[in-house]
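# Summary of the model geometry
Below are the chains, spelled out letter by letter.
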Amino acid sequence: MSHSFKLFRLQQIDTLLDKGRARLEEIDLLLADDHEVQMSQQHLDLAKKSQFEAEKSLHIAEQNVKEQRLKIERSQATLYGGKVVNPKELQDLQQESEALNRYLTTLEDLQLEGMLAYDEAEASFLEASDQHSAVKTQVAQQKEQFNAEKVELNQDLERQEIERQAAAANIDSPYMQLYEALRKQKNGIAVARVLEKTCAACGSTLTATTFSSAQVPTKLTRCTTCGRILYVG
């Protein structure tokens, strides 16, 4: 078994490990991300506040109408109670009663507007509440899937770690040191496969001498362009 093959096999395992660990980090970030739920909660809080304000405004409008009707009742009682007989005073009371009734119409219009505004605010709150529940359910399902994937990834990583230990045990120390150094320098890819006389990592075409050297099992040949170890498989 050639040195380059052993290193290439180790590279394959390390690539899987790198991808698995990167995915685990990504999953942890996704699990910690509550942005959707927080945004939905904020929307719900605003809708609830709007509903409260609309209810408060409606209550004030209803109270104003109630108080105005009481004023009208008192005015009517005075006007038709028989205690006031002076024509001028009766005329003033009549005008006051008419003014009170006109203002009552205005207050009743405001009450109707308040009722419509409250109904709209309540509908918005119910919609926001349903949406918030749906978002929480969806996020919970996603997190359940992420946790399940995390369990599988950890199991895969444990198995791959065992495979790596076995693969690394068959590699001589100098080659292992070179491999680890290249891994740090070359973004995790120390060994590149040769495809159609080309380095698959950097895309450079190999010279005839380099390609021939890479085919010798007992030699370790590196790409003259990127410096990675070459494997002809």
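What comes next is a walk through the structure. A quick note: this is a predicted structure, and the numbers were derived from the prediction, not measured.

The end-to-end C-alpha distance of helix 4 (residues 173-185) is 18 Å, a good match for the 18 Å that 13 residues give at a rise of 1.5 Å each. Within helix 4, burial applies to Met176, Tyr179, Leu182 and Arg183. Relative to the axis of helix 4, the buried residues are bounded by an arc of 130° and lie together on one face. Residues of helix 4 that are exposed and point over 90 degrees away from its buried face: Pro174, Gln177, Lys184 and Gln185. Among the residues trailing helix 4, asparagine 187 stands out with phi positive, at a value near 55°.

Our focus in this paragraph is the nonpolar core. Counting 21 residues, the largest nonpolar core has Leu7, Leu10, Tyr179 and Val191 as its most contacted members. For this core, the secondary structure elements donating two or more residues are helix 1 (3-32), helix 3 (87-169), helix 4 and strand 3 (229-231). Of the residues forming this core, the biggest block, eight residues, is contributed by helix 1. For tyrosine 179, the contacting residues outside a window of four places in its chain are Leu7, Leu10, Gln11, Asp14, Arg164, Ala190 and Val191. Of all hydrophobic cores here, the second largest spans nine residues; its members include Ala192, Val194, Leu206 and Cys226.

Position of arginine 74 among the secondary structure elements: in helix 2 (residues 35-80). Residue classification places arginine 74 among the exposed positions, given a relative accessible area of 53%. Along the chain, arginine 74 and serine 97 lie 23 residues apart, while their C-alpha atoms are 9.4 Å from each other.

Let's shift gears to the pattern of salt bridges. Applying the stated criterion across every chain, the model contains 14 salt bridges. Aspartate 18 is the partner of arginine 183 in a salt bridge, and the nearest nitrogen-oxygen pair spans 2.7 Å. Within this pair, whereas arginine 183 is found in helix 4, its partner aspartate 18 is found in helix 1, the two being separated by 165 residues in sequence. Overall, the relative accessible area of 15% leaves arginine 183 in the buried class. According to the relative accessible area criterion, aspartate 18 is partly exposed, its value standing at 30%. The partner of lysine 150 in a salt bridge is aspartate 28, with the nearest N and O atoms 2.7 Å apart. Within this pair, whereas lysine 150 is found in helix 3, its partner aspartate 28 is found in helix 1, the two being separated by 122 residues in sequence. Taking relative accessible area as the criterion, aspartate 28 reaches 36% and is therefore assigned partly exposed. The structure contains a network of salt bridges with shared partners spanning Asp14, Asp18, Arg164, Glu180 and Arg183.

Quick notes on the rules
Residues numbered from 1 in each chain as written. Predicted model: local features only at pLDDT ≥ 70, side-chain atom pairs only at ≥ 80, totals over all residues. Heavy atoms only, no water. Helix = DSSP H or I, 4+ residues; strand = E, 2+ residues; numbered from the N terminus. Expected span 1.5 Å × (residues − 1). Buried < 20%, exposed > 50% of the residue type's maximum accessible area, 1.4 Å probe, protein only. Arc of directions from axis to C-beta. Core = buried A, V, L, I, M, F, W, Y, C linked by side-chain atoms within 4.5 Å. Contact = heavy atoms within 4.5 Å. Salt bridge = Lys/Arg side-chain N within 4 Å of Asp/Glu carboxyl O.

Any link to function would need more than the numbers given here.
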